[in-house]
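Chains, contacts and geometry: an overview
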Amino acid sequence: MSEIMVLDDVVDAGILVKRILERKGHKVIVFTNEDEAISYVGNNNVDLAILDIKLSKMTGVDVLAALKQSQASIKVIMLTGYPTLETARECMRLGADEYCVKPIDKEELEIKVAEVLEKNS
Amino acid sequence: MNLLGRLRFRTKINIGITVIVVMTALILAMFVTRMASDALVQEARKRGRVLTGNLVLRSVDPLLSVDLLQLKTMVDEITEVDSDVVYAFIEDERGRILVHTFSDGFPVELINANKVQSGSRMNIVTIDTGKEKIYDFAAPVYLVGKKIGTVRLGLSRTKVQQVTNSLILAISMLTGLALAMAVLVSTQFAKRITARIGMLREHAENLVKGNLVVNRDKKTVNTCHEIRNCGKRDCPAWQDNLRRCWYISGTKCPECGENNYPDKLTNCRNCDIYINSSGDEIQELTETFDVMANTLKYHIEDLETAQKNILRQQKLLQTILSVSPDQVSLVGTDLTYMAVNAAFARSCGKKEEEIMGMRDEDLFNEEISNKRKQEVISIFSTGKIINKENLYQPEDGDPAQWFHTIRVPVYDEDQNITGVLSTARDITELKSYQSQLIQSQKMESVGKLAGGVAHEINTPLGIILGYAQLLQEDVDPESQIYADLGIMEKQARFCRKIVADLLGFSRQTTSDKIEMCFNNSILEVVQLVTHTFKLENVSIITDLDDRYPIIQGDPEKLKQVWLNLLSNALEAMNGGGIVKIITRLDTQDMTITAFFADSGYGIAKKNLNSIFDPFFSTKPVGKGTGLGLSVSFGIIEDHGGKISVTSPLPEGILEEELPEEAGPGTLFTITLPLEPGKEKEILSSEF
């Protein structure tokens, strides 16, 4: 149905999201490297990005800004294991569509993704 | 000499003058009398020679004719004519008396008293008859070279002596007169001198009594500016009429120069003011005395000021030493105490005066006194300052005390060490604070570590939860595997809740006050600790106001307060108990009140006023930081609320059946104000 990119420094976490969303019929690509993810979005048409905030080289907030600059129409869901009010405000200001907290329930993730994609269409 | 020293000045002057006059008179009388007497004697001898010579010439004829009558007549005439002639007689060639003038018989010894030597013209001797002295003249009578007789004449010396005595008398009377006049004049002079010296003595007595005001009512006559009529009113001599101008510094006359007294006198001696106005030695002494009095007055004032300063500093130093809680002591070279302050004396259980002269072995036990003595001796030998902390364990079972001790050498002017000054400060509380701060920092580190750990563990928990849910879709809902996967999912959710709660309390961010549900913040904490409390056989009962009041507050900080109160309650109940949380909304006062009641051992009455103090804790050493309640106190105050404590529990709070080990219990009451609700933050609605 949609092309979704997942960026998480823990590869198993990304693969988990991939497994969950692929059952819903989405095409999912998993990255652990920030530069590769940003480059992929720049060269391909991606509908949704699911970003962790705590990453290796950059923060998820920085990646969010880069993605929005590269493709303004992309939808973004922030998925963080360390939520703070400050990062939540900053992500919403930069255009994130959702701010979710790890560990996230499978059904909740499916619902959130569906809502974001549906809101777009 | 002592007697002479005690005589009065006038008497001494008179005695001196008398001695001088009398000595002069005596010397004068002696010399004049001798000269006059010699002259008279010479004169008398000449007269004797003349009379005797005449008698010899006239007796030649009567001797040849042996005319005794004529000889007698001649001899008698001489004695009658001159009253000084005592006797006269004539001898023949064989020494027989021919005629004499004696009426009572002839003194036969007189013949041999004066013998004329052969060939001599005349011989004179002095004869003392007992009544008077007589000059005896003997002259031979010659005729054609043949001795035919001898003429003898006696001339009295009495007249000569009388004249001498008259002369002496005249000199004596003149001397007495001169002496009287001299004494009279010297008495007057001495009286004036002694009067002026008496005034000076009176002045000195006033000075000794402390009256240093010099002749304030007496004006010095003929001041220099009056004599010269100079008109220089800015000159200091105009202001000072009590002193001579040569005693005053900075006078304006051209001759004065720049020097001060006494160097100024070098210029003054040529000045007519000085020449005319300066008096004799006594006046100079008086004026110098006045200058001395003035100078002494100023010096005494300076000394009094200095003494006042020293007394004030001494009193200040004494106060500082007495009030100081540090133990201060000074030990001399003989290792005895020279000075101690009140704190030191109290620590030894003695008075300050008692400790003077004591040694360390008189005040402390053998171990302590030996150590103290060794430290003092090492300072005397090396001069190195001792700065250390030592633990003091009293023998009577009192708690141990930490002291920060500094020992410093005290030097004299020659840089010799004359004493050791010691200061000991009780740092027991500081050590306790250090220990608690270290513990607090450990807890802070643990908190940060917990936060980090919680954050790190969130990811694997999420993965476990996700895969469990995926697997559940692949198996038959009726099978055992499905049920087992359900258990795995459930436990993972429990772990997620625990981690989320830990993260909530380890946040470092200081969020602003937001609209929050009062009850929910309490319930979140209760959910967090219920499991732990169950393990300790403690049950938590909640009786929350069902209107779910909303307040403006910092949820994280208020949770910290609730957690602190619950933790303390748990530690107060060994072996189980009940904790009851009650919330009540007061719409009239616009406040919400929370009650935390426990059935523990309560709080001692003496500690009720201290439990909110920083670092106060009744927990065993190593447990707690002593900061919880004081931080909670700060948070509640920051929210404009109040927190108070009551122990034992009031009636009616815990009506549930209490366990057997229940104690008097403790009740904490927290009241927070309700504030007008604000528009909900967009951010809040998003989450």
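Everything in this summary refers to the structure shown in the same document. For every chain, the first residue of the written sequence is number 1, and numbering continues from 1 onward in sequence order. Note on labels: chains are lettered from A, ligands numbered from 1, in written order. Since the coordinates come from a predicted model, pLDDT governs what is reported: local features require at least 70, and pairs of side-chain atoms require 80 or more to be given and counted, while whole-chain, interface and lining totals use all residues. Excluded from the side-chain calculation are hydrogens and water; included are all heavy atoms of the structure.

Take the interface of chain B and chain A next. Each partner contributes to the interface: chain B provides 23 residues, whereas chain A provides 26 residues. Here the quantity called buried area is the total loss of accessible area, with a 1.4 Å probe, experienced by two parts when brought into contact, counted for both. Between chain B and chain A the total buried area reaches about 2,200 Å² when both faces are included, carbon and sulfur atoms providing 62% of it. Between Lys or Arg on one side and Asp or Glu on the other, a salt bridge is scored when a side-chain nitrogen of the former is within 4 Å of a carboxyl oxygen of the latter. Here chain B is connected to chain A by three salt bridges. Put simply, B:Glu473 and A:Lys106 hold a salt bridge, and the shortest N to O gap is 2.0 Å. For the side of chain B that touches chain A, the elements supplying multiple residues, two or more each, are helix 16 (428-474), helix 17 (480-505) and helix 21 (682-686) of chain B. Secondary structure is summarised from DSSP: a helix means a run of H or I of at least four residues, a strand means a run of E of at least two, and numbering begins at the N terminus for each. Of the residues forming the side of chain B that touches chain A, the biggest block, 14 residues, is contributed by helix 16 of chain B. Residues were grouped as follows: Ala, Val, Leu, Ile, Met, Phe, Trp, Tyr, Cys and Pro as nonpolar; Asp, Glu, Lys and Arg as charged; and all remaining residues, including Gly, as polar. Broken down by class, the residue content of the side of chain B that touches chain A amounts to eight nonpolar, seven polar and eight charged. Residues are treated as being in contact if the distance between any of their heavy atoms lies within 4.5 Å.

Residue and element names in this part refer to chain B. Between any two strands, pairing holds if DSSP finds at least two bridges. Pairing is antiparallel across the open sheet formed by five strands, whose spatial order is 7-6-10-9-8. What marks the edges here is a single partner per strand, and that holds for strand 7 (337-340) and strand 8 (386-392). Taken over all neighbouring pairs, the strand axes of this sheet differ in orientation by 20° on average, direction set aside. As defined by bridge partners, strand 8 adjoins strand 9 (residues 401-411) across seven bridges and the pair is classed as antiparallel. Residue Leu391 lies in a different strand from strand 9, and its bridge partner there is Trp402. The axes are straight lines fitted to the C-alpha atoms, using for helices just the contacting stretch, and the angles between their N-to-C directions are given from 0 to 180°.

A few words now on the nonpolar core. Residue and element names in this part refer to chain B. Residues Trp562, Phe596, Phe668 and Ile670 are the most contacted members of the largest nonpolar core, which totals 35 residues. For this core, the secondary-structure elements that each account for two or more residues are helix 18 (518-535), helix 19 (555-571), strand 14 (577-586), strand 15 (591-598), helix 20 (628-638), strand 16 (642-646) and strand 17 (666-673). By residue number, the principal contributor to this core is helix 19, which donates seven residues. Side-chain atoms within 4.5 Å link the members of a nonpolar core, which is a set of buried Ala, Val, Leu, Ile, Met, Phe, Trp, Tyr and Cys residues. Working definition: with a 1.4 Å probe on protein chains only, accessible area under 20% of the residue-type maximum means buried, over 50% means exposed, and in between means partly exposed. Listed in part, the 24 residues of the second largest apolar core include Val60, Tyr135, Ile148 and Leu153.

Opposite charge on two side chains lets them pair, provided their charged atoms get close. Residues and elements named next belong to chain B. In this structure the tally under the stated criterion is 30 salt bridges over all chains. Across the salt bridge formed by Lys72 and Asp76, the nearest N and O atoms sit 3.6 Å from each other. One end of the pair, Lys72, and the other, Asp76, are both in helix 4 (residues 68-81), four residues apart, so they sit about a helical turn from each other. Given the relative accessible area of 32%, Lys72 is considered partly exposed. When its relative accessible area of 23% is taken as the criterion, Asp76 is described as partly exposed. The residue Arg547 makes a salt bridge to Asp545 at a minimum N-O spacing of 3.1 Å.

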